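Structural features, examined
What follows is each chain in one-letter form.
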Amino acid sequence: MGAFADRVFAVVKQIPRGKVATYGQIARIIGAPRAARYVGYALRANPSPGTEPGSIPCHRVVFKDGRMATGFAFGGPEIQQQMLEEEGVGFDEEGKVAMESFLWNGVPADESGLPMGPPSDFDWEAELTGHLLHNCDTCKRPRPDCHKSSNNRNKNIYNSGN
């Protein structure tokens, strides 16, 4: 396979169970935003389809409106839908993926299904205030032993006329 296909496969491997991505979404993630059709070509040549660890779960890639790939290379759209349903993906009355609920947000999944990073409301600054590499000069929450706090105290002492 070529470099383009390798990039496609690397991203598709990251789509978690129970989620889908679109051809265009994969193209944007790999830095080729106008190459959705070529993403499909690459997936048609998928050397390792399936859901086992290490496989490339190309069945999780659908059209932007939630339709199955009519040329799904590994059994047709009915098989693709069945595979997605087995993973918990929901469909509307027209047989399209309910994209508002099941579209992947682009955050990679690991094999355990656990989050790969902190929640969106995680306060990095508060978390890092006690770290040895903490930059007190740019901190908005200096800790008691922070040199910024002591510098401010010294400035106040010197400026107070004492």
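**What about the overall build of the protein chain?**
A count of helices and strands for the protein chain gives seven helices and two strands. For the protein chain, the succession of helices and strands along the chain, N to C, is α-β-α-α-β-α-α-α-α. The burial tally for the protein chain puts 33% of its 162 residues in the buried class. Carbon together with sulfur atoms contributes 52% to the accessible area of the protein chain, which is approximately 10,300 Å² in total.

**Thoughts on the pattern of salt bridges**
Summed over all chains, the structure comprises five salt bridges. Here E87 and R17 are joined by a salt bridge, their closest N and O atoms 3.7 Å apart. Remark: R17 occurs in the loop between α1 (3-12) and β1 (21-22) and E87 occurs in the loop between α4 (77-86) and α5 (99-102); sequence separation between them is 70 residues. Among the residues examined, E87 registers a relative accessible area of 10% and is labelled buried. With a shortest N-O distance of 2.8 Å, D65 and R67 are connected by a salt bridge. Judged by its relative accessible area of 31%, D65 is partly exposed. Overlapping salt bridges bring together D65, R67, E94 and K96 as one network.

**Some points on the environment of G2**
Examined against the element boundaries, G2 turns out to sit in the segment before α1. A C-alpha to C-alpha distance of 9.1 Å links G2 and A42, two positions 40 residues apart in sequence.

**Topic: the packing of α1 against helix α3 (residues 36-44)**
Contact geometry for α1 and α3: axes closest at 9 Å, N-to-C directions at 85°. By the angle between their axes, α1 is roughly perpendicular relative to α3. On α3, the residues touching F4, A5, V8, F9 and V12 of α1 are Y38, V39, A42 and L43.

**Points about the environment of Q81**
With respect to the secondary-structure elements, Q81 resides in helix α4. On the basis of relative accessible area, Q81 is assigned to the partly exposed category, the value being 21%. Taking the C-alpha atoms as reference points, Q81 and R60, 21 residues apart in sequence, are found 9.3 Å from one another. Not counting the four nearest positions on each side in its chain, Q81 is found in contact with M68, F91 and G95.

**Overview of the packing of aromatic side chains**
Going through the model one piece at a time under the given rule, you end up with two aromatic pairs. With 5.4 Å between their ring centres and 50° between their planes, Y23 and F63 make a pair best called tilted. Of this pair, Y23 sits in helix α2 (residues 23-29) while F63 sits in the loop between β2 (61-62) and α4; the two residues are 40 residues apart in sequence, bridging distant segments of the chain. For the pair Y38 and Y41, a centre-to-centre distance of 5.5 Å together with 75° between the ring planes defines the contact as edge-to-face. With Y38 and Y41 both in helix α3 and three residues apart, this pair spans about one turn of that helix.

**Some thoughts on the side chain of H59**
Inspection of the secondary structure assignment puts H59 in the loop between α3 and β2. Under the relative-accessibility criterion, H59 is labelled buried at 1%. Among the polar contacts listed, one links the side chain of H59 to the side chain of E87, at a separation of 3.0 Å.

Cut-offs and rules
Residues numbered from 1 in each chain as written. Predicted model: local features only at pLDDT ≥ 70, side-chain atom pairs only at ≥ 80, totals over all residues. Heavy atoms only, no water. Helix = DSSP H or I, 4+ residues; strand = E, 2+ residues; numbered from the N terminus. Buried < 20%, exposed > 50% of the residue type's maximum accessible area, 1.4 Å probe, protein only. Areas by Shrake-Rupley, 256 points an atom, 1.4 Å probe, with all protein chains shown as cover. Salt bridge = Lys/Arg side-chain N within 4 Å of Asp/Glu carboxyl O. Axes fitted to C-alpha atoms, helices over the stretch in contact; angles between N-to-C directions. Parallel < 35°, antiparallel > 145°, perpendicular 65-115°, else oblique. Contact = heavy atoms within 4.5 Å. Phe/Tyr/Trp six-rings, centres within 6.5 Å; stacked < 30°, edge-to-face > 60°. Polar contact = N/O pair within 3.5 Å; in protein donor to acceptor, adjacent residues only side chain to side chain.

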